[in-house]
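Structural characterization, general
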Amino acid sequence: MSPQQMAPSVRRVAIIGGARIPFARADGPYATASNQQMLTAALDGLVERYGLQEPGAVGEFVAGAVLKHSRDFNLARETVLGSTLHPRTPAYDIQQACGTGLQAVIAAVNKIALGQTESAVAGGADTASDAPLGVNDTLRRILLETRRAKSAGARLKALTKVRPSHLVPDIPRNAEPRTGLSMGEHAAVTARAWDIGRAAQDELAAASHQRLAAAYERGFFQDLVVPFRGLARDQNLRPGSTVEKLASLKPVFGLDHPDPTMTPGNSTPLTDGAATVLLASEEWARERGLTPLAYLTAYETAAVDFVGGDVAGGEDGLLMAPAYAVPRMLERAGLDLADFELIEIHEAFASQVLATLAAWEKRGLGTVDRDRLNVAGSSLATGHPFAATGARIVATLAKLLAERDAPARGLISVCAAGGQGVTAILERA
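Predicted, not measured: the structure shown is a model, and the values here were computed from it.

Our next topic: the overall build of the chain. Along the chain, the regular secondary structure elements total 14 helices and 10 strands. Taking 2.2 N^0.38 as the reference for a compact globule, 429 residues should give roughly 22 Å; the C-alpha atoms of the chain span a radius of gyration of 22 Å, in line with that estimate. In terms of principal-axis extent, the alpha carbons of the chain reach across some 75 × 60 × 50 Å. For the chain, with 429 residues in total, the buried portion stands at 55%. Relative to all contacts within the chain whose residues are 6 or more apart in sequence, the contacts with residues 24 or more apart total 80%. About 18,000 Å² of surface is accessible on the chain, with carbon and sulfur atoms providing 53% of the total. On the chain, the mean spot of the 43 positive side-chain charges and the mean spot of the 46 negative ones are 8 Å from each other.

Between helix 4 (residues 100-113) and helix 14 (residues 389-402), whose axes approach to 5 Å, the crossing angle comes to 65°. The residues of helix 14 that touch helix 4, namely those facing G101, L102 and V105, are G390, A391 and V394. The residue inventory of the contact of helix 4 with helix 14, partitioned by class, reads four nonpolar, two polar and no charged.

If a strand is regular, its side chains alternate between the two faces of the sheet. With eight of eight residues buried, strand 1 (residues 13-20) is to be regarded as a mostly interior element. In terms of strand pairing, strand 1 meets strand 7 (residues 294-303) through three bridges, oriented antiparallel. Its bridge partner lying in strand 7, V13 is registered against L296. Alignment of strand 1 against strand 6 (residues 271-281), held across seven bridges, turns out to be antiparallel. Counted as the bridge partner of G17 is L278 from strand 6.

This brings us to the nonpolar core. In terms of nonpolar packing, the biggest core is built from 47 residues, with V277, L279 and I412 touching the most fellow members. Ignoring sequence-local partners within four residues, the contact set of L279 consists of V13, A14, I15, V105, A108, V109, I112, E118, S119, A120 and A122. Judged by nonpolar contacts, the second largest core, of 37 residues, contains I21, Y30, F61 and L231.

Bringing the packing of helix 8 (residues 198-217) against helix 12 (residues 350-362) into the picture now. The geometry of a pair of packed helices is captured by two quantities: the angle between their axes and the separation between those axes. Taken N-terminus to C-terminus, the directions of helix 8 and helix 12 make an angle of 105°; their axes are 9 Å apart at the nearest point. One way to sum up the angle between helix 8 and helix 12 is to call them roughly perpendicular. Of the residues in helix 12, those touching helix 8 at A200, Q201 and L204 are A350, S351, V353 and L354. Considered class by class, the residues forming the contact of helix 8 with helix 12 number five nonpolar, two polar and no charged.

Further remarks concern unusual backbone geometry. With a phi angle near 50°, R229 is a residue other than glycine that sits in the positive phi range. By the secondary structure assignment, R229 is in the loop between helix 8 and helix 9 (243-246). The phi torsion at N374 lies on the positive side, around 45°, for a residue other than glycine. Inspection of the secondary structure puts N374 in the loop between helix 12 and helix 13 (379-382). Residue class for N374 comes out buried when judged on its relative accessible area of 3%.

Of the strand pairs in this sheet, strand 7 and strand 10 (residues 420-428) are connected by eight bridges, and their pairing is antiparallel. Looking across to strand 10, one finds that E300 is bridged to T423. Pairing of strand 9 (residues 408-416) with strand 10 involves nine bridges; the strand directions are antiparallel. Paired with A408 across the strands is R428, a residue of strand 10.

Thresholds, definitions, all that
- Residues numbered from 1 in each chain as written.
- Predicted model: local features only at pLDDT ≥ 70, side-chain atom pairs only at ≥ 80, totals over all residues.
- Heavy atoms only, no water.
- Helix = DSSP H or I, 4+ residues; strand = E, 2+ residues; numbered from the N terminus.
- Rg over C-alpha atoms; globule rule 2.2 N^0.38 Å.
- Buried < 20%, exposed > 50% of the residue type's maximum accessible area, 1.4 Å probe, protein only.
- Contact = heavy atoms within 4.5 Å.
- Areas by Shrake-Rupley, 256 points an atom, 1.4 Å probe, with all protein chains shown as cover.
- Lys, Arg positive; Asp, Glu negative; His and termini not counted.
- Charge placed at Lys NZ, Arg CZ, Asp CG, Glu CD.
- Axes fitted to C-alpha atoms, helices over the stretch in contact; angles between N-to-C directions.
- Nonpolar A, V, L, I, M, F, W, Y, C, P; charged D, E, K, R; others polar.
- Pairing = 2+ DSSP bridges.
- Core = buried A, V, L, I, M, F, W, Y, C linked by side-chain atoms within 4.5 Å.
- Parallel < 35°, antiparallel > 145°, perpendicular 65-115°, else oblique.

By themselves, these observations are geometric and do not establish any function.
Below is the structure:
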C-alpha cells in the first residue's frame, strides 16, 4: 500500500451545540465553586440537552483550566467521573492560557476529522475566586529538605530554618513572568502604540453590554446557558451601559503615562465560569437526527516576542498575536475579511480589540464593519473565565451562523497570555 493510500481522509467536523453556566464576577456567587464543579455543571447541561448518557455516546472529553489546584491535575477526567456522561468516556487536559477553550475544540476537531473518533466534547473552566495559593518557595524547600533528612536531628535542624516570613503564601499574580507587567499594563502600552482613544474603547464596551442584553431578551441563550447557583444570566452584564456612564470611570491601567484610557468598564473583570461544546462527524449527527449549527474549517495559532520585540511600536504587544495568525489563516484559506458575515474577537480589553482591527487593516485585510463584530456581545459584557471563553465563543458563533438562511462564515480571534493567539473559521453550509 502506498503512503497516499494509507493517508486518512479528512472529514468535515460539525458543531452541534454548546452549554455553559452563566459567568460570575470573582468572589461572587461562585466564590466557593471549584473548577470541577463548574465544568461538571456545564457538561451535565450538554449531556441532558443532547441525550449523551449512554456508553460510547461521546468519544472523548477535552478541557482545561488556567488557574489550577494540584487536585485539578486530571480535571477533565475527574469532571467526567462526576458528571452524567458515561464513566467510560476518556478525557484529558489541555492548557494555553486564554486560548485553552479554543485549543480544546481544535484538538477534538482534529481527531474527528481524521476519523479517530466520531464525537467529542471540548471546553474549559476557570475560577479567579478559588485561585490556588502556593506555599512560600523557601518554606517549600525547607520542608523538602526535612522530608529527605535521615534522622530526627537532621529534620529538626532543617525546621529551625523556618522564619515567620516563610509562612506568607504565594498568591497568583496577574502578571507576565518575563516582564512583571500585568496584562492590563501590557494592553495599555499597546493602546498608546496604536493611538487607541478612550471614547472608542468606551463605545465598544457599551455596545458589548447592549448586544449581550438584547441577545438574552430575544431568547438567544435559552439553549446555550444552564442556570447555576442562582444565576441565569451573566452577572457582569450591565444592560444600561452607555458611553456616557463609562466615561465617568477612572482609569486603572497605564497610570504612569499622561491621559490613561483603560478603565474597569472597558477592561474585562476577573470572572468565574465554565463552558462546553459538542463536536461530531456529519455521520454521527445524522444518525442521531441532529442538525449541525456550523463547521470548523480552519484554524491558526501564532506568538509574538513581547519581551524583546517591537513592543513600543505595537507590533509585538502581548495580546497582538492574532494580528499575525489571522492573515496566515486567511491566506491559506484564500479568503479576506470581506468574506465573513460575522467576526468574533475576544474582548480581553476594548483597546486590544481596536488594536487588532487596526493591525489587520494595516496588513491589508481591510476594515471590519462593526455590525458584523461581536453581534451578541462578548467578554467585556459576559466576563472572561480564561479557559472557558473559547468554547463560549465557538458555541455562540455557530448558533449565530445557524440563524442565517444563507451560507455564511464566521471568524474567531482569541488573544492569550504569553504573547499567543488562537484563531479559527466557522462555516455554515
